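# Breakdown of the fold
Below are the chains, spelled out letter by letter.
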Amino acid sequence: MTPTPQGFAAGGVKFLALNWSRDLTCAGIVPACASLSVTREMSFFVSPNLRWIFLNRAWVYIPHPHEYLVAPTDGPIPAPFSPGERVPFDPMWDMIRYNFENPWDTSSRNEYNYRLRRVAFLDSDGSLVKTAAWAELQAQVGAKTVSACTSDATTIENMLKLSDMQIVKDAPKR
């Protein structure tokens, strides 16, 4: 178990064998197998301002309602966005995952990031509620994926498309 970083509150433990969904592409299966064989659980901690969650070497940022995202202006640009274009993002439901070269120095080089999107949830009555991101997810499902994971460009292209076949693992009912 990872010790709680100074100033942070202990959040809990995420067991990687439970509560996940993986796409049946190279971009989904390879990380799933690697994470289950190397790291079986992830301790997480919450920052004092409740805007950052630390997960093993990764950060999750919880945005303020007035914040928004734009596509990068250099490097790989995720299709279908143009450099600097505003990216669909709902600070009520979406978060941002970051990996920094030095995990405790957020000014160090950003190695990896993506949007975490809440597409649906169960309300207090147990009914399924779909967020605005649901339509975007539906558009991605069934899109033809590139067959190989051979380059950064191919990996990015595959991440924008989701197979209509998913592997889902829920936690057992209490």
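Everything here concerns the structure above.
If you're wondering where the values come from, they're calculated on a predicted model, not measured in any experiment.

### Structural notes on the packing of aromatic side chains
Per the stated rule, a full pass over the model turns up 10 aromatic pairs. For the pair Trp-52 and Tyr-61, a centre-to-centre distance of 4.7 Å together with 50 degrees between the ring planes defines the contact as tilted. For Trp-52, a relative accessible area of 22% corresponds to the partly exposed category. Overall, the relative accessible area of 12% leaves Tyr-61 in the buried class. Aromatic ring contacts, followed pair by pair, group Phe-8, Trp-52, Phe-54, Trp-59, Tyr-61, Tyr-98, Phe-100 and Trp-104 into a single cluster. Lying over the aromatic face of Tyr-68, Arg-86 brings its terminal NZ or CZ to 3.8 Å of the ring centre.

### A closer look at the pattern of salt bridges
The tally for this structure, following the rule as stated, stands at three salt bridges. One salt bridge connects Arg-117 with Asp-94, and the closest N-O pair in it is separated by 3.0 Å. One end of the pair, Arg-117, is in the loop between strand E9 (110-116) and strand E10 (120-122); the other, Asp-94, is in the loop between strand E7 (86-87) and strand E8 (95-100), and 23 residues separate them in sequence. Since its relative accessible area comes to 2%, Asp-94 is described here as buried.

### Regarding the environment of Ala-9
Position of Ala-9 among the secondary structure elements: in strand E1 (residues 9-15). Separated by 37 residues in the primary sequence, Ala-9 and Val-46 place their C-alpha atoms 5.2 Å from one another. Look past the residues within four positions of Ala-9 in its chain and what remains in contact with it is Thr-4, Phe-45 and Val-46.

### A few points about unusual backbone geometry
The backbone of Leu-50 shows a phi angle near 60 degrees, a positive value even though the residue is not glycine. Tracing the chain through its elements places Leu-50 in the loop between strand E3 (41-46) and strand E4 (52-55).

### Some remarks on the nonpolar core
Trp-59, Leu-69, Val-87, Ile-96 and Tyr-98 are the most contacted members of the largest nonpolar core, which totals 13 residues. It is E8 that provides the largest number of residues to this core, a total of three residues. When sequence neighbours within four positions are dropped, the list of residues in contact with Leu-69 reads Glu-85, Arg-86, Val-87, Phe-89, Ile-96 and Arg-115.

### Some details on the side chain of Arg-97
Mapped onto the secondary structure, Arg-97 falls in strand E8. Buried and unpaired, Arg-97 has no salt bridge, with Glu-111 as the nearest side chain of opposite charge at 8.5 Å. Of note is the side chain of Arg-97, whose polar atom sits 2.7 Å from the side chain of Asn-99. Within the local environment of Arg-97, its side chain forms a polar contact with the side chain of Tyr-114, the two groups lying 2.9 Å apart. Residues in contact with Arg-97, not counting those within four places in the same chain, are Ala-58, Trp-59, Val-60, Tyr-112, Asn-113, Tyr-114 and Leu-116.

### Points about the sheet that holds strand E5 (residues 58-61)
Read across the open sheet, the six strands follow the order E1-E3-E4-E5-E8-E9; overall the sheet is antiparallel. Strands with a single pairing partner mark the edges of an open sheet, and in this sheet they are E1 and E9. For this sheet, the mean inter-axis angle between neighbouring strands, taken without regard to orientation, is 25 degrees. Bridge count between E8 and E9: six bridges; the pairing is antiparallel.

### Some details on the pairing of E8
Most of E8 is tucked away: five of the six residues are buried. Taken together, the four bridges between E5 and E8 define a ladder with antiparallel strand orientation. Counted as the bridge partner of Ala-58 is Asn-99 from E8.

What counts and what doesn't
- Residues numbered from 1 in each chain as written.
- Predicted model: local features only at pLDDT ≥ 70, side-chain atom pairs only at ≥ 80, totals over all residues.
- Heavy atoms only, no water.
- Phe/Tyr/Trp six-rings, centres within 6.5 Å; stacked < 30°, edge-to-face > 60°.
- Buried < 20%, exposed > 50% of the residue type's maximum accessible area, 1.4 Å probe, protein only.
- Lys NZ or Arg CZ within 6 Å of the ring centre and 35° of its normal.
- Salt bridge = Lys/Arg side-chain N within 4 Å of Asp/Glu carboxyl O.
- Helix = DSSP H or I, 4+ residues; strand = E, 2+ residues; numbered from the N terminus.
- Contact = heavy atoms within 4.5 Å.
- Core = buried A, V, L, I, M, F, W, Y, C linked by side-chain atoms within 4.5 Å.
- Lys, Arg positive; Asp, Glu negative; His and termini not counted.
- Polar contact = N/O pair within 3.5 Å; in protein donor to acceptor, adjacent residues only side chain to side chain.
- Pairing = 2+ DSSP bridges.
- Axes fitted to C-alpha atoms, helices over the stretch in contact; angles between N-to-C directions.

Read these as spatial facts, not as claims about activity.
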